[in-house]
Amino acid sequence: MEKTLNHVAGAFRWSTEKEVTAIEIAVSALAMAVPALLAARGHHTGLGLIGGMAMSGTVAHGRLRTQAASAGAALLVLVFATGLACALGRLGGAWQMGLLVIAGIAGIVGGFDRAMVAASMRFVFYLVMVGGIVSTTTADPLLIFAIVIGGALFAVVLHMMMAGVVAHIRRRAAEPVEDERKPTARQKFNRLRRSLTEPAGWQYPVRLVSCLGAVSLIHLFFPDHDVHWAALALVLLIERRPERLPLKTTQRVIGVLFGVCCAGLLSFLTLPAWADVLVVAALGGSRPFLRARNYLAYSIVMTPLMMMAMGTADHALPASALLDRLFATVFAACLVLLVNKATIHFLPQTAAPNS
């Protein structure tokens with residue numbers, strides 16, 4: 001009982017370890033709000049914020065060259081994911097099979113190093129999100145691609161401009177000392193290749209593909225339910241190393257519970273387009289701050305943004321649709337916990353240290 005109470009208390013614990021600047025908050029707000037405002041003329045407010053959402057938090061700190069390289073890599077990942085989703089999203093069953101194959105490959109490649117871990121997770125997340133939009137809407141895939149990437153380009157330019165201003169003001173700011181003993185690309189590749197000769201090296205892609213496959217199978221029997229929301233929740237909840245009861249899963253479920261209620265309230269208010277953009281700016285600006293402080297609060301903010309991005313927050317939603325997203329989140333969480341438990345049982349060496 002005490003362990004459970006500590007786990008729940010940890011879900012609400014507030015962190016102050018990471019500093020979040022006002023510039024990060026402003027850039028995050030504008031990067032989503034401005035493209036959303038421009039796209040609102042074509043009734044694509046939700047699509048407009050995806051690019052800014054994808055680029056937020058992906059740019060590394062440090063010298064301008066480092067930031068530019070980080071932004072370019074994140075943009076390339078988004079272009080690749082969005083392009084594949086727009087090209088394959090309307091192929092029906094072939095898209096579902098292709099998604100499993102692509103997600104599995106991304107899961108394997110993610111084992112290259114820490115940067116590739118984050119990049120592969122972002123890739124799969126936006127592949128699933130944009131693929132869900134393409135497969136469920138009548139909008140031209142080329143238009144979807146243009147709006148998403150256009151918003152991302154605006155976010156990159158905005159960030160680099162603000163970074164340049166900050167660098168000019170600080171001038172000779174202290175440079176972070178780089179570790180000269182980093183492993184080479186060849187060493188990383190050899191390590192990845194060695195890991196794939198053992199079952200433990202395959203556990204993450206197998207867990208990811210099996211969970212996404214289960215969602216696709218459920219869709220065959222219950223086509224009226226929102227499987228895309230469940231798939232997004234799965235991608236967010238599955239970590240590289242399995243845990244029996246991940247804190248992130250608890251925070252995500254509680255956060256989505258409150259977030260769906262907030263999204264439902266916004267949808268029933270039927271706000272005008274300009275008010276929707278203000279909501280996007282407020283939620284987008286709070287993202288970097290809440291992400292550094294508490295993942296539960298961050299999940300509350302992310303839920304309305306994700307619903308709007310997927311085109312379901314521009315109009316009033318029935319209570320059944322809101323409940324559908326809650327059930328999809330709980331289903332995804334239970335599926336992740338079940339797969340994690342099975343993986344730890346058969347491959348105990350792969351468990352995360354805190355499990």
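The structure contained in this document is the topic of the report that follows.

Reading the values: the criteria
Residues numbered from 1 in each chain as written. Predicted model: local features only at pLDDT ≥ 70, side-chain atom pairs only at ≥ 80, totals over all residues. Heavy atoms only, no water. Patch = residues over 30% accessible without salt bridge, like charges linked within 9 Å, V, L, I, M, F, W, Y side chains within 5 Å. Areas by Shrake-Rupley, 256 points an atom, 1.4 Å probe, with all protein chains shown as cover. Salt bridge = Lys/Arg side-chain N within 4 Å of Asp/Glu carboxyl O. Lys, Arg positive; Asp, Glu negative; His and termini not counted. Charge placed at Lys NZ, Arg CZ, Asp CG, Glu CD. Helix = DSSP H or I, 4+ residues; strand = E, 2+ residues; numbered from the N terminus. Buried < 20%, exposed > 50% of the residue type's maximum accessible area, 1.4 Å probe, protein only. Axes fitted to C-alpha atoms, helices over the stretch in contact; angles between N-to-C directions. Parallel < 35°, antiparallel > 145°, perpendicular 65-115°, else oblique. Contact = heavy atoms within 4.5 Å. Nonpolar A, V, L, I, M, F, W, Y, C, P; charged D, E, K, R; others polar. Phe/Tyr/Trp six-rings, centres within 6.5 Å; stacked < 30°, edge-to-face > 60°. Left-handed = near helix turned anticlockwise from the far one by under 90°.

Where like charges cluster on the molecular surface, the positive patch consists of Arg 186, Arg 191, Arg 193 and Arg 194. Counting through the fold element by element, Arg 194 comes out in helix α8 (residues 185–195). Under the relative-accessibility criterion, Arg 194 is labelled exposed at 52%.

The next point concerns the environment of Arg 114. Mapped onto the elements of the fold, Arg 114 is located in helix α6 (residues 114–136). Arg 114 sits in the exposed class, given a relative accessible area of 79%.

The contact between helix α3 (residues 45–55) and α6 brings their axes to 12 Å, and the two run at 175°. Between α3 and α6, the angle is such that the two are roughly antiparallel. Contact with α3, carried on its side by Leu 47, Ile 50, Met 53 and Ala 54, involves Arg 122, Tyr 126, Met 129 and Ile 133 of α6 and no other residues of that element. Across the contact of α3 with α6, the residue classes tally to 7 nonpolar, no polar and 1 charged.

Attention shifts here to the packing of aromatic side chains. With the rule as written, the count across this model stands at 4 aromatic pairs. On the basis of an interplanar angle of 55° and a centroid distance of 6.2 Å, the ring pair of Trp 14 and Phe 289 is categorised as tilted. Separated by 275 residues along the polypeptide, Trp 14 in the loop between α1 (2–11) and α2 (22–39) and Phe 289 in helix α12 (residues 273–293) bring together distant segments of the chain. For Phe 289, a relative accessible area of 30% puts it in the partly exposed group. With a centroid separation of 5.7 Å and an interplanar angle of 40°, the aromatic rings of Tyr 295 and Tyr 298 are classed as tilted. A residue pair is termed a helical-turn pair when its members lie 3 or 4 positions apart in one helix, as Tyr 295 and Tyr 298 do in helix α13 (residues 295–309) at 3 residues. Take Tyr 295: its relative accessible area is 18%, and that puts it in the buried class. On the basis of relative accessible area, Tyr 298 is assigned to the buried category, the value being 6%.

Turning to the side chain of Asp 324, a few remarks are in order. Note that Asp 324 resides in helix α14 (residues 319–346). The buried charged residue Asp 324 lacks any salt bridge, with Arg 325 as its nearest oppositely charged partner at 5.1 Å. Not counting residues within four places of it along the chain, the set of residues in contact with Asp 324 comprises Asp 224, His 225 and Asp 226.

For any two helices packed against each other, the geometry comes down to the angle between their axes and how far apart the axes lie. Orientation of α1 relative to helix α11 (residues 247–269), taken along the N-to-C sense of each, is 60°, at an axis distance of 9 Å. Crossing handedness for the pair α1 and α11: right-handed. Contacts between α1 and α11 involve His 7, Gly 10 and Ala 11 from the former and Leu 247, Thr 250 and Gln 251 from the latter. For the contact of α1 with α11, the per-class residue count stands at 2 nonpolar, 4 polar and no charged.

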